[in-house]
Structure formats: C-alpha cells, structure tokens
Amino acid sequence: FFSVPIRGATKENMPNGIMNEQQYNLVKVIQKIRIFQGFGWGHIRRLLRIARIQNYPPGKMIYRLGEPSDEMMVLLKGHLVVTNNAGDVLAEIKAGAPIGEMGVFSGQSRSANIAAVELATGLIIDREGLMRMFAANADMLILVQKNLITVLSERLNEANVYNTVRLYEIHELEKKVEMLEGRQAEGGVMYDDEDDYDEDEYDDEDDEEDED
C-alpha cells in the first residue's frame, strides 16, 4: 500500500524469514504508533488477526464529531481531512498515520470529523476485538497501558505549559485594565495623548456642515 522508512529490522530477521513488502511495511508502521511501542512480531501478528481492511471513496465521512470511539484506524493509502462542524479544516492525515487510537482506550468520543479526500484504505481495529485480545494476552495490555501513561503525561505537561502562557497573558491584560481604570478615575482620559480627541473642533465642523 505504501512505503515507510525502514530502520533496525530486515526481512531476513522477520519470523520465519518470510514476509512480503506490504506486510513488512505495515508491521513497521504499527511499531511506530505510540500506544503500540514495544510490540514484538508476535504481538503484531495477534493485532493483525483482529483487524480488517476498509476502503473509503472520495468525500466519504468516516468519523463524525461526538460519535463513540469504538474503533481506530491506521491509514494505509490515501489522504484524509479533519474538520469541525463549521467545516473549518483542522488538519490533514496522510498514509501511515493512526487515527482515533487514544479514544479507543480512553473512551472519549470523537473530537472532530474525518473524511476521505481521495480514495483511501485503512486498517481498522475495533475496541471490542482489542479488549478480547488483551484478555488473553496480559503482556500486551501492560505494554499499552504503560504507553498510555507516557502519552497522557506528555499531553498534561504540554497543557500545563499552555496554561502558564495563558495565565501570563491574563495577568498582563489585568494590569492594562487597572492602568486604564486609574487613568479614567484621574480625568476620564481613555486614549493616548498623540490621538487626543478635540471635541470643540468636531463640534465646529458639524456646525459648518449644518450651515451648508
């Protein structure tokens, strides 16, 4: 379906030394998905047993904002677009990217609309199948939970940095409001001196227009 940079492994050191190029590239893509990091070849084979291939025609709405996250996708071919309900484009998704993996494990609903821009092919893994697989393979569940902790911790740190910046901006705005309120209390001046408003001048112009 697609090619991805290959590092570390070769077809010769794959299980039994046999795997076609498409399967090989798919395995490498899955290993790059954050929540599946640490998966070995055996883990990925189990994962692929519960997956299915799905094709989407151009313009097809694949996921809608607010819907339950009951499956995730690895985009194998094509191009998807992420939008909000107003139709604003939030992001674009290219082959090799995972979609909806955090929602499947966190239980959160879809946070945006996702549609196919062109003919697209995805590897679909549903939540029910994942839960059955984890019930029979505790080591895979432990790996995924550890990866989730790492990802969520990173997002929390990013949110804290974002909130710190917002708090600083709020503080600066509060200082400006206090300054303006102080100036208003002193003399009702709410504008810079260089842009002084001459009320008498504008009154005279209005009178001249009335006379005309």
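Residues numbered from 1 in each chain as written. Predicted model: local features only at pLDDT ≥ 70, side-chain atom pairs only at ≥ 80, totals over all residues. Heavy atoms only, no water.

Strand pairing in a sheet relies on backbone hydrogen bonds, with the paired strands running either antiparallel or parallel. One open sheet holds the four strands; their spatial order is E1-E8-E3-E6, and the pairing between them is antiparallel. Each edge of the sheet is formed by a strand with only one pairing partner; in this case those strands are strand E1 (51-56) and strand E6 (98-99). Direction of pairing for E1 relative to strand E8 (residues 120-126): antiparallel, over a ladder of six bridges. Paired with Asn55 across the bridge in E8 is Thr121. (Pairing = 2+ DSSP bridges. Helix = DSSP H or I, 4+ residues; strand = E, 2+ residues; numbered from the N terminus.)

Turning next to the nonpolar core. In terms of nonpolar packing, the biggest core is built from 26 residues, with Ile35, Phe36, Leu47, Phe105 and Leu130 touching the most fellow members. For this core, the elements supplying multiple residues, two or more each, are helix H1 (21-32), helix H2 (41-49), strand E3 (71-77), helix H3 (101-106), E8, helix H4 (127-136) and helix H5 (138-187). Leave out the neighbours within four places in its chain, and Phe105 touches Ile35, Phe36, Leu130, Met131, Phe134, Val144 and Leu148. With 14 residues, the next largest nonpolar core counts Tyr56, Ile62, Met73 and Leu80 among its residues. (Core = buried A, V, L, I, M, F, W, Y, C linked by side-chain atoms within 4.5 Å. Buried < 20%, exposed > 50% of the residue type's maximum accessible area, 1.4 Å probe, protein only. Contact = heavy atoms within 4.5 Å.)

A few words on the confidence of the model for the protein chain. Chain-level statistics for the protein chain give a pLDDT mean of 78 and a share of 78% at 70 or above. Within the model, pLDDT remains below 50 along residues 1-18, and this stretch shows 35 contacts once partners closer than five positions in the same chain are excluded. (pLDDT = per-residue confidence, 0-100.)

Attention now moves to the packing of aromatic side chains. Per the counting criterion, the structure on display carries two aromatic pairs. A ring pair is formed by Phe105 and Phe134, whose centres lie 6.0 Å apart and whose planes are at 40 degrees; its orientation type is tilted. Of this pair, Phe105 sits in helix H3 while Phe134 sits in helix H4, and the two are 29 residues apart along the sequence. Positioned above the aromatic ring of Tyr63 is the side chain of Arg110, whose terminal nitrogen or guanidinium carbon lies 3.8 Å from the ring centre. (Phe/Tyr/Trp six-rings, centres within 6.5 Å; stacked < 30°, edge-to-face > 60°. Lys NZ or Arg CZ within 6 Å of the ring centre and 35° of its normal.)

At a minimum axis distance of 11 Å, the contact between H1 and H2 shows a crossing angle of 100 degrees. As judged from the angle between their axes, H1 and H2 are roughly perpendicular. Of the residues in H2, those in contact with Leu26, Val27, Lys28, Ile30 and Gln31 of H1 are Trp41, Ile44, Leu47 and Leu48. For the contact of H1 with H2, the class distribution of residues is seven nonpolar, one polar and one charged. (Axes fitted to C-alpha atoms, helices over the stretch in contact; angles between N-to-C directions. Parallel < 35°, antiparallel > 145°, perpendicular 65-115°, else oblique. Nonpolar A, V, L, I, M, F, W, Y, C, P; charged D, E, K, R; others polar.)

Across the sheet, which stays open at both edges, the four strands sit in the order E2-E7-E4-E5 with antiparallel pairing between neighbours. The open sheet has two free edges, formed respectively by strand E2 (61-63) and strand E5 (89-94), since each of these has just one partner strand. The average undirected angle you get between the axes of adjacent strands in this sheet is 30 degrees.

A few words on H2. Considered for burial, the residues of H2 that qualify are His43, Ile44 and Leu47. Down the axis of H2, the smallest arc covering the buried residues is 95 degrees, so these residues share one side. (Arc of directions from axis to C-beta.)

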